[in-house]
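Reading the structure
Here is how the chains run, residue by residue.
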Amino acid sequence: MKKLIEEYYRKMDALKGDYSKMKEVFNDEMTFHFPGIPTPLNVEQFQGPAQGIYAGFSDFNHSIEDVIVDGNKIACRVNITGTHNGDFQGIPASNKSIAVGAITIFRIENNRLSEHWISVDLLGIMTQIGAVPANP
């Protein structure tokens with residue numbers, strides 16, 4: 001199962017969030033859970049926001065630090081890096097680098113991803129690109 005997660009992140013970064021080319025990794029019912037969005041998103045609904053991240057950070061990259069497997073669920077601690085060299089959520093490029101952490105949980109069914117819960121440090125991203133002032 002760990003190899004499936006490694007393949008997911010490798011493909012996502014290489015394809016810059018183009019989930020239409022990742023069908024062999026996902027089950028048909030694949031859903032994404034993201035803080036601030038009250039209902040799960042399917043692959044088509046999540047693809048736009050995912051590609052938006054890569055548009056704002058063309059070198060956006062995931063580095064897996066820890067993987068814990070329990071039954072059909074996998075928890076990961078991931079480091080994310082990138083350079084804000086494009087528009088991101090209406091914020092023009094600052095050319096500043098980011099480095100933040102994320103905790104993700106996957107549910108696996110029939111050797112494919114079925115659900116993905118994502119908890120990423122968005123405040124850290126916004127602070128590092130200068131969109132939110134840093135604490136004094």
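As the structure is a prediction and not an experimental result, all values here were calculated from the model.

1. Some words on the side chain of Asn27
Mapped onto the secondary structure, Asn27 falls in strand E1 (residues 26-33). The class for Asn27 is buried, based on a relative accessible area of 11%. Polar side-chain contacts of Asn27 include one of 2.8 Å to the backbone oxygen of Glu109. What Asn27 contacts, discounting residues up to four positions off in sequence, is Glu109, Arg112, Leu113 and Ser114.

2. With respect to the packing of aromatic side chains
Taken as a whole, this structure holds 14 aromatic pairs when the rule is applied. Arranged with centres 6.0 Å apart and planes meeting at 20°, the rings of Tyr19 and Phe46 form a pair that is stacked. Note that Tyr19 is positioned in the loop between helix H1 (2-15) and E1 and Phe46 in helix H2 (residues 43-56), a separation of 27 residues in sequence. As far as the burial class goes, Tyr19 and Phe46 line up, both buried. Arranged with centres 5.4 Å apart and planes meeting at 80°, the rings of Tyr54 and Phe60 form a pair that is edge-to-face.

Procedures and definitions
Residues numbered from 1 in each chain as written. Predicted model: local features only at pLDDT ≥ 70, side-chain atom pairs only at ≥ 80, totals over all residues. Heavy atoms only, no water. Helix = DSSP H or I, 4+ residues; strand = E, 2+ residues; numbered from the N terminus. Buried < 20%, exposed > 50% of the residue type's maximum accessible area, 1.4 Å probe, protein only. Polar contact = N/O pair within 3.5 Å; in protein donor to acceptor, adjacent residues only side chain to side chain. Contact = heavy atoms within 4.5 Å. Phe/Tyr/Trp six-rings, centres within 6.5 Å; stacked < 30°, edge-to-face > 60°.

Spatial relationships are all this shows, so hold off on functional conclusions.
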